[in-house]
Every structure is written in C-alpha cells, then in structure tokens.
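# Results of the structural survey
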Amino acid sequence: MRPSLFAALLSAGLAVAGTARSNIHPPLEVPWNEGAADCKAVPPWPLEVHPVDAGTYILRESLCSTFEAPFMYLLIGSNRAMLIDTGDVADPGQMPLAQKVMELLPDSGGAKLPLLVVHSHRHLDHRAGDPQFIGRPGVEVVGYDIDSVRAYYRFADHADGIAQIDLGGRIVDAIPTPGHNETEVSFYDRNTALFFSGDFLLPGRLLIDDTAADIASARKVADSSRTGRSPPCWAAISSSIRQARPSTGARNSIRTSMACP
Ligand SMILES: [Zn+2]
C-alpha cells in the first residue's frame, strides 16, 4: 500500500557543530521542477540531480514520469557507493536511473566504484528501478522483503539494533524504523550528518501499518540522537515532498529537508 499524500516540509539547513561530519553546509532548498499541467507540452526531464557535495547527490524522478516523484540518494565513499531507493519507474527508456547513477560514480581501478543499492522500504515507488541495477558488474542490490532486510543488516547482532554500512571513510548507520511498513530502514550518514528517513518521517499524512511500532521507531531515533551515539544531525530528508501549488512547469522553492528528529 502506498501513501496517498506525502510530506509537507519543515525547517531546513540546521547548522550543527559535529565532530565526524563534514563542515559543508550547502543549501538543501533545491528549486525542484514542480511538474506541468500538460506534460506533453514541455520538454521531458526524467530525472533531476542535485549535488549536496562532491560525494553526495539527491536525485528526483519527474512528476511527468510518476506522480510519486520520489527522491533517491547517492552516497559515495572511498571503497564503494550506496544508493538509497530506486524510484517508481522500471523502464530505463523512460527513466534512465541506473545510467545516471553510473555516470555519477567515480572510476576505480579501470571500472566504476562498486555500488550497493538499498531501500528505505519495500513499497513499489522505492524499488521499481531495481531491475536496472540487478546483474550489473560491481553492483549489489539488497532485497526489499523483510527476510532479506533482516538477513542483510543483522540488526539483532547489534546491542542497540543499529547496523553500520562502511563505504570507506564514510560510515552510514542503518536504523530499523518499522511502522509505516515493517521493512522500513532509515539511514544516518555520519559524514554529512544527514538523516535519510524514507517514508518513516514525513510531516504529512501517511498510512501507518503498525502504530505501536512507528512510535517505538520514533523514540529509538530520538533516543539515539539525545544520547550522543551519533554526531549531531544536520537535517532529515524524506523520500517525497508534497507540492501545494498547481503544476505550472516552473521551478519552485519547495524545501527539501526537515528538522532532525
Ligand atoms: Zn511507503
């Protein structure tokens, strides 16, 4: 089941002093294309790419390709890169996601840097593009079903239930955040101090499969932040944003990020 409405946006660009994060504070209020009343009347733009820094990219699928217009995130370390979600469109002719991601990856030893593809959760708008990546050399795609998620992250092996993904000079915490869906995983990038919340944290109307689990997930994330287990959070970014205005084909200033949990 997919949520019918997505996020409204809260505050952005929270300046936080951290020890392990980078000192880069680029603006996250990206002027994303807000779609068009008649998509056939405007030039196609399947995918938008916004570089946060040299190794961090926000990608967004076009509203003329999918009403979900989901975000995806590419985090590049020294040994491998990590893509969070593969969007809502499977057809590479319509949505050249894998092609664009591979273009963004740096070369390594005569090939592209290895890529790990993960998901915020199993809803189709977050993993429809998986077939574009499966079978590519140097690419590992983590399954989206609950058994695959548990087997890959092995959350139970960690005392605090939080797994780490080492990209080489860049540790990303994988935090199980069930509630909206049982497979939901949020990611905290220690280098940028960005918290990628998928559909777990959306300040908008959202379907919740398990309310008790969702509240427990929120407490766990908040407790992790308060106890200083991780460096301070700069901003949280969800998988989608809601656009309040009619589509005009113009770019607008909708905010991309939310306050940290
Ligand atoms: Zn969802």
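Above this text is the structure in question.
Figured I'd write up the structure that's included with this text. (Residues numbered from 1 in each chain as written. Predicted model: local features only at pLDDT ≥ 70, side-chain atom pairs only at ≥ 80, totals over all residues.)

## Observations regarding the overall build of the protein
Across its full length, the protein holds 4 helices and 13 strands. The buried share of the protein, reckoned over its 261 residues, is 44%. A separation of at least 24 residues holds for 66% of the contacts in the protein among residues at least 6 apart in sequence. (Helix = DSSP H or I, 4+ residues; strand = E, 2+ residues; numbered from the N terminus. Buried ≥ 20, exposed ≤ 12 C-beta atoms within 10 Å, placed from the backbone. Contact = placed C-beta atoms within 7 Å.)

## A few points about the sheet that holds strand 2 (residues 56–61)
Spatially, the 6 strands line up as an open sheet ordered 1-2-3-4-7-8, and their pairing is mixed. What marks the edges here is a single partner per strand, and that holds for strand 1 (47–53) and strand 8 (139–141). Adjacent strand axes in the sheet meet at a mean angle of 20° when their direction is disregarded. Where strand 2 meets strand 3 (residues 71–76), 5 bridges bridge the pair, whose relative direction is antiparallel. Bridge pairing links Thr-56 to Leu-75 in strand 3. (Pairing = 2+ DSSP bridges. Axes fitted to C-alpha atoms, helices over the stretch in contact; angles between N-to-C directions.)

## Side note on the sheet that holds strand 13 (residues 235–238)
Taken in spatial order, the 5 strands line up as 9-10-11-12-13 in an open sheet, and their pairing is mixed. Sheet topology places strand 9 (163–166) and strand 13 at the edges, where each strand pairs with a single neighbour. Each strand axis lies, on average, 25° off the axis of its neighbour in the sheet, ignoring direction. For strand 9 and strand 10 (residues 171–176), the ladder comprises 4 bridges, and the chain directions are antiparallel. Looking across to strand 10, one finds that Asp-166 is bridged to Ile-171.

## Side note on the pairing of strand 1
Alignment of strand 1 against strand 2, held across 6 bridges, turns out to be antiparallel. Bridge pairing in strand 2 places Pro-51 opposite Tyr-57. Counting the residues that bridge the hairpin from strand 1 to strand 2 gives 2 residues.

## Brief notes about the nonpolar core
Ranked by size, the top nonpolar core spans 51 residues in total, and within it Leu-74, Ala-81, Met-82 and Leu-83 carry the most contacts. If you tally residues by element for this core, the top one is strand 3, at 6 residues. (Core = buried A, V, L, I, M, F, W, Y, C linked by C-beta atoms within 7 Å.)

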